[in-house]
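# Report on the structure
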Amino acid sequence: MSDDENHPPFAGDPSRKCSGSALHLGPCKKAASSNPLVLHGRHFGRTVFALCNYPALLTSGILRLEELQDTLIEDYPADVRREHRVFTELIDSYPGLLDRLTNGEEEDVIHVGELMGKGASGARGDDTKTLKSAVLEWLVPRGQVVIPPLSRNIKSDRGFNHEVTGALLCPAGLDWSNAETKRNLKSGETAVRGDQWPMFLYAGYVYDSDDPWKGLLRSEILIFGFKHVFTSPSSVEREPKATRSGNAHLHSMKSVTKGSLAYIATQVRFSLSSSSVFSRTDTVTDSENFYHSILDLLEDPEESQEVVDLMTWWTRRIFPNSSCSQRSISTNSALVKIREKRAALRELGPSSTT
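Residues numbered from 1 in each chain as written. Predicted model: local features only at pLDDT ≥ 70, side-chain atom pairs only at ≥ 80, totals over all residues. Heavy atoms only, no water.

So, about helix α3 (residues 78–93). Residues separated by three or four positions in an α-helix point in the same direction, a consequence of the helix having 3.6 residues per turn. If you check α3, its first and last C-alpha atoms are 23 Å apart, about what 16 residues at 1.5 Å a residue would give, namely 22 Å. Buried residues of α3: Val80, Arg82, Glu83, His84, Val86, Phe87, Leu90 and Ile91, and no others. Next to the buried residues of α3 lie α1 (36–47), α2 (54–67), α4 (97–103), α5 (106–134) and α11 (287–298). (Helix = DSSP H or I, 4+ residues; strand = E, 2+ residues; numbered from the N terminus. Expected span 1.5 Å × (residues − 1). Buried < 20%, exposed > 50% of the residue type's maximum accessible area, 1.4 Å probe, protein only. Contact = heavy atoms within 4.5 Å.)

Overall, the coordinates contain 10 salt bridges when judged by the stated rule. Between Glu299 and Arg82 there is a salt bridge; the shortest N-O distance is 3.0 Å. Linking Glu299 in the loop between α11 and α12 (304–318) with Arg82 in helix α3, this pair joins segments that are 217 residues apart in sequence. Judged by relative accessible area, which is 27%, Glu299 ranks as partly exposed. Ionic pairing is found between Glu163 and Lys182, a salt bridge with its closest N-O pair at 3.0 Å. With Glu163 in helix α6 (residues 163–169) and Lys182 in helix α7 (residues 179–187), this residue pair connects regions lying 19 residues apart in the sequence. On the basis of relative accessibility, which here comes to 40%, the residue Glu163 falls in the partly exposed class. Lys182 gets classed as partly exposed once you look at its relative accessible area, which sits at 24%. One network of salt bridges, in which partners are shared, links Arg82, Arg85, Glu89, Asp296 and Glu299. (Salt bridge = Lys/Arg side-chain N within 4 Å of Asp/Glu carboxyl O.)

Before going further, it helps to examine a negative patch on the surface. Where like charges cluster on the molecular surface, the negative patch consists of Glu105, Glu106, Glu107 and Asp108. Topologically, Glu105 is positioned in the loop between α4 and α5. Using a relative accessible area of 55% as the deciding quantity, one classes Glu105 as exposed. (Patch = residues over 30% accessible without salt bridge, like charges linked within 9 Å, V, L, I, M, F, W, Y side chains within 5 Å. Areas by Shrake-Rupley, 256 points an atom, 1.4 Å probe, with all protein chains shown as cover. Lys, Arg positive; Asp, Glu negative; His and termini not counted. Charge placed at Lys NZ, Arg CZ, Asp CG, Glu CD.)

Where helix α10 (residues 258–272) contacts α11, the two axes come as close as 9 Å, and the packing angle between them is 145°. For the pair α10 and α11, the crossing hand works out as right-handed. Facing α10, whose interface residues are Lys258, Gly259, Leu261, Ala262, Tyr263, Ala265, Thr266, Arg269 and Phe270, α11 presents Ser287, Phe290, Tyr291, Ile294, Leu295 and Leu298. Looking at the contact of α10 with α11, its residues break down into 10 nonpolar, 3 polar and 2 charged. (Axes fitted to C-alpha atoms, helices over the stretch in contact; angles between N-to-C directions. Left-handed = near helix turned anticlockwise from the far one by under 90°. Nonpolar A, V, L, I, M, F, W, Y, C, P; charged D, E, K, R; others polar.)

Moving on to the packing of aromatic side chains. Tallying each qualifying case throughout the model produces 9 aromatic pairs. Ring centres 5.5 Å apart and planes at 45° place the aromatic pair Phe226 and Trp314 in the tilted group. With Phe226 in helix α8 (residues 220–230) and Trp314 in helix α12, this residue pair connects regions lying 88 residues apart in the sequence. Just as Phe226 is buried, Trp314 falls in that class too. Measuring from centroid to centroid gives 5.7 Å for Trp313 and Trp314, while their planes differ by 80°, and the two rings are edge-to-face. In this structure Trp313 comes out as partly exposed when scored by relative accessible area, which is 22%. By way of ring pairs, the aromatic residues Phe226, Phe230, Trp313 and Trp314 are connected into one cluster. Here Lys155 stacks its cationic end above the ring of Phe270, 3.8 Å away from the centre of that ring. (Phe/Tyr/Trp six-rings, centres within 6.5 Å; stacked < 30°, edge-to-face > 60°. Lys NZ or Arg CZ within 6 Å of the ring centre and 35° of its normal.)

Written out as C-alpha cells, the structure is:
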C-alpha cells in the first residue's frame, strides 16, 4: 500500500503532451499531499479512472454540459460517452466541485484539474514503486523461492526473460511450455498487445478457451495486489499489522469498483514486466491499451451478469463485512427473531407497535 500522506510522489516527465480524448494520460507531475483536491485525485485515479488528463476532462465536461441542454448523451460516440461518465462521477464524488468549476474562470478549471492529476499520477507512481518489490513475494507458494532469484530493484530480468514471470505474462491461448513460443516472446518476434490478456489474470493461472470467463480476474496474485494497495501490505498475509489506516478505510471505500480492479490488474502486469518506467508511450507493455481493454469488458452491458457476479465476489473477498445486503443472516438468530416479531406487530396495525 502507498499511504496517501507519507510516500514520496511519482516523478514523471512534465514535457509529455497528451492529445485526443481526456481519458488518456496527460503530463505527469509531482503530487503535493496536503491539498484535498490532490488527495481526492489519488483515490479517484485508483478507483474510477487512472489514465486520465484531468484538465482536459474537466474543461471538456463543462462545455459538454452546455451542449447537453440541446442534445442527448446517447447521440455522442462511445468514447465521448465514457469520458462524460467519468466526468460526472468525478463531479458527483466531490461536493461543491461543479459550482466551483461553473462559476470560476477557465484558469480555475485547469488548476483544479492539475491538482487532481497530480494526485492520480502520484498514487500511480507510489503503487508502481511498492509493488515492484512486493510482487516477488507472490510468485511462488509461501516457503518456496524463485529460481533463479529476481532483483527487487532492477526489472530487466523479469518479463519474458524469466521462467516464472514469463509464464504469468504469457498471453492466454499460447503455450509457455512450447520452446518456440517462449523463444518468440522473449525475442519480441511475437509482439503482445495490451488486449492480449496474460495468464496471471485467471484463477489458478488456467485458461479455458471454451469458457473464457471462467476464473477471469480471480487470481490470487490480483487479490494480493489489491490488498497491498487498498487495505495494507500486511493484510496480504491475512494478519493485518499496519498501525495506519489503509487507503480504502481512509476514503470510506466499502466495495471493489470496476476501475479499481482494472487498475490493480494493470499495476500487477507492469510489476511483472521487464519495463522500468510506466509510460503511456511504452509499446512493449502497452499498459494503457491493457487498462482500457479490461474496463471495456467490465462496462459492456452484454456482460453485465458475469460482471455483477465478479464484482460481488471481489467485494466479499476484500470487504467481507462492509455491506449487510451482501451477508446472509443466520437462521434462528436473535436478529431474525426480532425482525420476525416486528413484522408480525406491523401486520396487526399501528396500535400494536406503540
